[in-house]
Amino acid sequence: MILGIDEVGRGPWAGPLVVGAVVLGGGLIEGLTDSKKLSKKRREELDVVIRETAAAYGLGWVHADEIDEVGLSEALRLATKRAVEQIKAPYHEIIIDGTINFLANTTKGNYVTTMKKADLLVPSVSAASIIAKVA
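These remarks concern the structure in this document. (Residues numbered from 1 in each chain as written. Predicted model: local features only at pLDDT ≥ 70, side-chain atom pairs only at ≥ 80, totals over all residues. Heavy atoms only, no water.)

So, the environment of Lys41
When you line up the elements, Lys41 lands in helix α1 (residues 40–53). A sequence separation of 93 residues divides Lys41 from Val134, and the C-alpha atoms of the two residues are 9.8 Å apart. (Helix = DSSP H or I, 4+ residues; strand = E, 2+ residues; numbered from the N terminus.)

Here is the structure:
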């Protein structure tokens, strides 16, 4: 049981930052991949399937005014914590897309593996990427 985490909205100059967190729970969802490789229509279709079949999912939001107040690095940590707090299903590992452990200074920090291209390689991270982008 892997808790996959990915963010969207890090690059735009305005708008919210959203972190998705998903535990698939052994369910196989056909077509999961990096959300940037999917059409808008396909992302929306998969979003419905993920939300209906995943063991748990969460979305952590940090809006533009909060980003301005705390900075992007802290906003990423805050959004990640908010997403993970919504997960009530059990998991044994956390995989975050990228190279930064946004949970490093929390009780969950020791369970995190960071991985480049995890949104392409790990189904639960792909699912997190998709629900965050659709949100």
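Once the structure has been displayed, the description carries forward.
With respect to unusual backbone geometry
Although it is not a glycine, Lys117 adopts a positive phi angle of roughly 65°. Position of Lys117 relative to the elements: it lies in the loop between β5 (112–115) and α4 (118–121). With a relative accessible area of 57%, Lys117 lands in the exposed category. (Buried < 20%, exposed > 50% of the residue type's maximum accessible area, 1.4 Å probe, protein only.)

What to know about α1
Between its terminal C-alpha atoms α1 stretches 20 Å, which fits the 20 Å expected from 14 residues at 1.5 Å a residue. What α1 keeps buried is the set Arg43, Leu46, Asp47 and Ile50. The buried residues of α1 occupy an angular sector of 115° when the element is viewed end-on, so they sit on one face. In α1, those exposed residues whose orientation departs by more than 90 degrees from the buried face are Lys41 and Glu52. The elements touched by buried residues of α1 are β2 (17–23) and α5 (123–134). (Expected span 1.5 Å × (residues − 1). Arc of directions from axis to C-beta. Contact = heavy atoms within 4.5 Å.)

Observations concerning the nonpolar core
Judged by nonpolar contacts, the single largest core of 21 residues is most densely connected at Leu3, Ile5, Leu17 and Ile94. Only β1 (2–8), β2, β3 (56–62), α3 (72–85) and β4 (93–97) provide two or more residues apiece to this core. The dominant element in this core, judged by the number of residues it contributes, is α3, at 5 residues. Here Ile94 is in contact with Leu3, Ile5, Leu103, Lys108, Tyr111, Val112 and Thr113, once residues within four sequence places are set aside. If you look at the next biggest cluster of nonpolar residues, it comprises 16 residues, including Ile50, Ala128, Ile131 and Ala132. (Core = buried A, V, L, I, M, F, W, Y, C linked by side-chain atoms within 4.5 Å.)

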